[in-house]
Amino acid sequence: MRKPFQTDVFIAGGGPAGLSAAIAARLQGLQVLVADSLTPPIDKACGEGLMPDSLEALGVLGISLDAVETGVFRGIRFVGGSGATEARFPQGTGRGIRRTLLHQILIDRAESVGVQFSWRSRVKAGRERVTLNDRPVEYRWLIGADGNNSQVRRFAGLEVGRASQQRVGLRRHFRVRPWSEFVEIYWGETCQAYVTPIGPEEVCVAVISRNKPASFENALTEFAPLLHELRTAEVCTSVRGALTLTRRFPAVTTKNVALIGEASGSADAITGEGLAVCFRQAVALGRALSAQTLQIYEAEHRKIMALPQFMGRAMLLMDMSPRVRTRTLSALTNRPEVFQQMLSIHVGAVPVT
């Protein structure tokens, strides 16, 4: 067998979670190797919106989106059968960005700080070493950033419990001037659609449903106001789908192994916090690796996940119960200050009391 390659941190998974973890670890002076079976830039169906807390976490990793073309939004707008209500971010703005562009920006930042990569690679986890395309790699720390079906999670014995909620997300891009300065969330009978401006002439439309719709077009028939806005829009991309899970694990670390991103649990995509969560997890993981104890990360991970999962459960209740949905949307429309307070809590500007 060839002489093992050695690294301080081996990260399985080169998506946003793995890349942000790699950057955070490298900023602590650790040698980092990232491996993934795919070739960048890696795409995934998501709403493609980054709220102010996401941008703040990216800034800690040394990443700014000021030099790239993105969409800009100033808050969240709910649209239901009885009307619409909106809330602005208490400070800052959000940015909408194509997932592939964000992925390339993360790669560029990781390369600039000295992260090493192995793309299109087969990874098999093992104690104190992994095999990478049949070559042994010894590590001090193993990070599982390999998604919902994490191999690292199974290897580490952290595969406990199952998803409490599973839904289907579909995404497509349209060439049209954004008609709103908000991310709009449309509430239908069986699904939600949310619209994010991702450029001066482009929007991302994502649909989330308990059951897979017959087609993307069929799902949109639940949202007459949205169809009206899209009536002259040009379709830019084909439909891409993904599962969105609500999942929590008792532990996300063991010995010298840690999980991050969807491998470590998740809130429903309707919260819009998936990327913000993995960026904050990465910062916490970097500090833990520097201190050489994953207990720091375990504790921080629980805090990071608590609010998104709580908000996710609340919004899923609106999805499952027409009565709750109608009464909630009506209440938020009549009391917009309540929606404003909810959004402020959601982005971390106001502490939960």
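Grouped burial of nonpolar side chains is what soluble globular proteins tend to show. Val 9, Phe 10, Ile 11, Ile 260, Phe 279 and Leu 285 are the most contacted members of the largest nonpolar core, which has 62 residues in total. For this core, the leading source of residues is helix α7 (residues 274-291), giving 10 residues. Excluding residues that lie within four positions of it along the chain, Leu 285 makes contacts with Ala 21, Ile 143, Ala 258, Ile 260, Leu 294 and Tyr 297. Of all hydrophobic cores here, the second largest spans 20 residues; its members include Ile 185, Tyr 194, Met 315 and Leu 329.

Right, let's talk about the layout of surface pockets for a bit. Within this model, the second largest pocket holds a volume of roughly 370 Å³. Forming the boundary of the second largest pocket are 17 residues, of which Asp 53, Arg 280, Lys 303, Ile 304 and Gly 348 lie nearest the centre. Taken together, the elements giving at least two residues each to the lining of the second largest pocket come down to α2 (52-60), α7 and α8 (295-320). Looking at which element gives the most residues to the lining of the second largest pocket, the answer is α8, with five residues. Along the lines of polarity and charge, the residues of the lining of the second largest pocket split into eight nonpolar, two polar and seven charged.

The first and last C-alpha atoms of α7 sit 26 Å apart over 18 residues, in line with the 26 Å expected at 1.5 Å per residue. Counting buried positions along α7 yields 13 of 18 residues, so the element is predominantly enclosed. Gln 292 sits one or two residues past α7 and shows a positive phi near 60°.

Right, let's talk about the pairing of strand β2 (residues 32-35) for a bit. Burial along β2 is two-sided: Val 32 and Val 34 and Leu 33 and Ala 35, pointing in opposite directions, are all buried. In this structure, strand β1 (residues 5-12) lies alongside β2, joined through four bridges in parallel fashion. Considered in β2, the bridge of Phe 10 is made with Leu 33. Sheet analysis places β2 next to strand β8 (residues 116-118), joined by three bridges and oriented parallel. Looking across to β8, one finds that Ala 35 is bridged to Ser 118.

Basis of the calculations
For every chain, the first residue of its written sequence is number 1, and the numbers climb from 1 along that sequence. At least 70 in pLDDT is required for a residue's local features to be given in this predicted model, at least 80 for side-chain atom pairs to be given and counted, and no such filter applies to totals for whole chains, interfaces and linings, which use all residues. As a rule here, side-chain values cover all heavy atoms of the structure and leave hydrogens and water aside. The nonpolar core is taken to be a set of buried Ala, Val, Leu, Ile, Met, Phe, Trp, Tyr and Cys residues, with the residues joined through side-chain atoms within 4.5 Å. In this scheme, a residue with accessible area under 20% of its type's maximum is buried, one over 50% is exposed, and one in between is partly exposed, where area comes from a 1.4 Å probe on protein chains only. Every helix listed is a DSSP run of H or I at least four residues long, and every strand listed is a run of E at least two residues long, numbered separately from the N terminus. Residues count as neighbours in contact if any of their non-hydrogen atoms are within 4.5 Å of one another. Cavity: a set of points on a 1 Å grid over the protein atoms alone where a 1.4 Å probe fits but cannot get out. Pocket: an open set with protein on both sides within 12 Å along at least five of seven lines, its lining residues, like those of a cavity, having an atom within 4 Å of a point. Grid points are joined across faces, edges and corners, and a volume is the space filled by probe spheres set on the points. Under the convention adopted here, Pro, Cys and the residues Ala, Val, Leu, Ile, Met, Phe, Trp and Tyr are nonpolar, Asp, Glu, Lys and Arg are charged, and Gly plus all remaining residues are polar. A helix is expected to span 1.5 Å multiplied by its residue count minus one. One bridge is not enough; two strands pair if DSSP finds at least two bridges between them.

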